[in-house]
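Structural overview
Listed here are the chains, written in short residue letters.
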Amino acid sequence: MAVRQLDILLYPPAINILLFLLAILLWKHRKTALAFVSCSALTLLAFSLQITSHQMALLLEQYPALKPHEVQQASADAIVVLGGGMVPYASEYDGSSLADDALMRLRYAAFLQTKTGLPLLASGAGYFEISEAEAMKNILHDDFNVQDVRTETTSRTTYENAVNSAQILKSLNQQRILLVTSSLHMNRSVFLFQQQGIDVIPAPTDLHSDYQPDWRDYLPTGDGLKHTRYVLHEYLALLWYRIKYQ
């Protein structure tokens, strides 16, 4: 938990607040303090623009969308879909539900399954009354009529997604997979699954290259800040794992 809290301090707006507090501590050294204040204000402004997160996301987005003919020619053994978060309580369902990112991933996984007929593995641990993988399985059954679904219910990180899913896949002699996750999360996911000896065909969803910015993306918003934080998290996480496995 302590590591997670420190992780939060690396991203906006926490990092901007820390810079501002540092400026107050250094106020006797006016030039240095003003430099920190300026840095805090300007980076906060930049981080709150949707265009900033969009451009950063494009640099991170290495895998294009699969074309229909590529799906058919993939020759995969299975589809793996990674969890994207849960909502603790959704009153309309009288229980927990999947977050937006998870639902986008799940819908695309169901689409691929109907096109290929491949078995599907949902990966994600439980924080509430049900694991994310089990929630995904239930939705696939009830809403998408996808029946051939296995679950991996113990993973709380992308690293654990890869390790635990690979164990299940290898036990079933499934070495080549269509991997479904958000486009920004794909780089890290592919790398970690490959480290486990799994042959990965990236099947990203929610691609930023499909998005066309307009004038509103040049205005500061809370959503812009949220998206920039997500992109920065992916950059740092990918850097961490690449250093770890070097």
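Residues numbered from 1 in each chain as written. Predicted model: local features only at pLDDT ≥ 70, side-chain atom pairs only at ≥ 80, totals over all residues. Heavy atoms only, no water.

Description of helix α7 (residues 132-144)
Over its 13 residues, α7 runs 17 Å from end to end, which matches the ideal 18 Å to within 8%, given 1.5 Å per residue. Of the residues one or two after α7, Asn145 is the one with positive phi, at around 55 degrees. (Helix = DSSP H or I, 4+ residues; strand = E, 2+ residues; numbered from the N terminus. Expected span 1.5 Å × (residues − 1).)

Topic: the nonpolar core
Counting 29 residues, the largest nonpolar core has Ile79, Leu98, Leu178 and Val180 as its most contacted members. When contributions to this core are tallied by element, the ones reaching two or more residues are β1 (78-82), α6 (100-116), β4 (120-123), α7, β6 (176-182) and β7 (199-205). Residue contributions to this core peak at six residues, all from α6. (Core = buried A, V, L, I, M, F, W, Y, C linked by side-chain atoms within 4.5 Å. Buried < 20%, exposed > 50% of the residue type's maximum accessible area, 1.4 Å probe, protein only.)

Quick look at the pairing of β4
The two faces of β4 match: Leu120 and Ala122 on one face and Leu121 and Ser123 on the other face are all buried. Taking the sense of rotation as the criterion, the β-α-β connection linking β4, α7 and strand β5 (residues 149-152) turns out right-handed. (Right-handed = clockwise from strand over helix to strand, strands pointing away.)

Digging into the pattern of salt bridges
Tallying each qualifying case throughout the model produces three salt bridges. For Arg176, the salt bridge is made with Asp199, and the minimal N-O distance between the two is 2.6 Å. Residue Arg176 is located in strand β6, and its partner Asp199 is located in strand β7; the two are separated by 23 residues in the primary sequence. Judged by relative accessible area, which is 37%, Asp199 ranks as partly exposed. Where Glu234 meets Arg188, a salt bridge forms, and the shortest distance between an N and an O atom there is 2.6 Å. In this pair, Glu234 is assigned in helix α10 (residues 222-244) and Arg188 in helix α9 (residues 183-195), connecting sequence segments 46 residues apart. (Salt bridge = Lys/Arg side-chain N within 4 Å of Asp/Glu carboxyl O.)

Considerations on the packing of helix α8 (residues 158-171) against α9
Two elements in contact, α8 and α9, have axes whose closest approach is 9 Å; the angle formed by their N-to-C orientations is 40 degrees. One finds that α8 runs oblique with respect to α9. Seen from above, α8 lies across α9 with right-handed handedness. Packed against α8, whose contacting residues are Thr158, Tyr159, Asn161, Ala162 and Ser165, the element α9 presents His185, Arg188, Ser189, Leu192 and Phe193 at the interface. Here the residues of the contact of α8 with α9 sort into four nonpolar, five polar and one charged. (Axes fitted to C-alpha atoms, helices over the stretch in contact; angles between N-to-C directions. Parallel < 35°, antiparallel > 145°, perpendicular 65-115°, else oblique. Left-handed = near helix turned anticlockwise from the far one by under 90°. Contact = heavy atoms within 4.5 Å. Nonpolar A, V, L, I, M, F, W, Y, C, P; charged D, E, K, R; others polar.)

Considering the sheet that holds β4
Reading across from one edge, β5-β4-β1-β6-β7 is the order of the five strands in this open sheet, with parallel pairing throughout. Each of the sheet's edge strands pairs with one partner strand only, and the pair in question is β5 and β7. Neighbour-to-neighbour, the strand axes of this sheet turn through a mean angle of 25 degrees, independent of strand direction. As judged from the four bridges shared by β1 and β6, these two strands associate in the parallel manner. (Pairing = 2+ DSSP bridges.)

Digging into the environment of Asp199
Considering only alpha carbons, one finds Asp199 and Ala76, 123 residues apart in sequence, at a separation of 8.9 Å. With sequence-adjacent residues up to four places away left out, Asp199 is seen in contact with Gln175, Arg176 and Ile177.

Section: the environment of Ala162
Tracing the chain through its elements places Ala162 in helix α8. Separated by 35 residues in the primary sequence, Ala162 and Gly197 have C-alpha atoms spaced 9.8 Å apart. Those residues in contact with Ala162 that lie beyond four places of it in its chain are Leu192, Phe193 and Gln196.

A closer look at the packing of aromatic side chains
Applying the stated criterion to the full structure yields three aromatic pairs. Centre to centre, the rings of Tyr108 and Phe111 are 6.0 Å apart; their planes meet at 15 degrees, and the pair counts as stacked. Here Phe111 and Tyr108 lie together in helix α6, a separation of three residues that amounts to about one turn. Judged by its relative accessible area of 16%, Tyr108 is buried. Taking the relative accessible area as the measure of exposure, Phe111 reaches 42% and is therefore partly exposed. Residues Phe191 and Tyr245 carry aromatic rings whose centres are separated by 5.8 Å and whose planes lie at 75 degrees to one another, so their mutual orientation is edge-to-face. Within this pair, whereas Phe191 is found in helix α9, its partner Tyr245 is found in the segment after α10, the two being separated by 54 residues in sequence. Judged by relative accessible area, which is 12%, Phe191 ranks as buried. (Phe/Tyr/Trp six-rings, centres within 6.5 Å; stacked < 30°, edge-to-face > 60°.)

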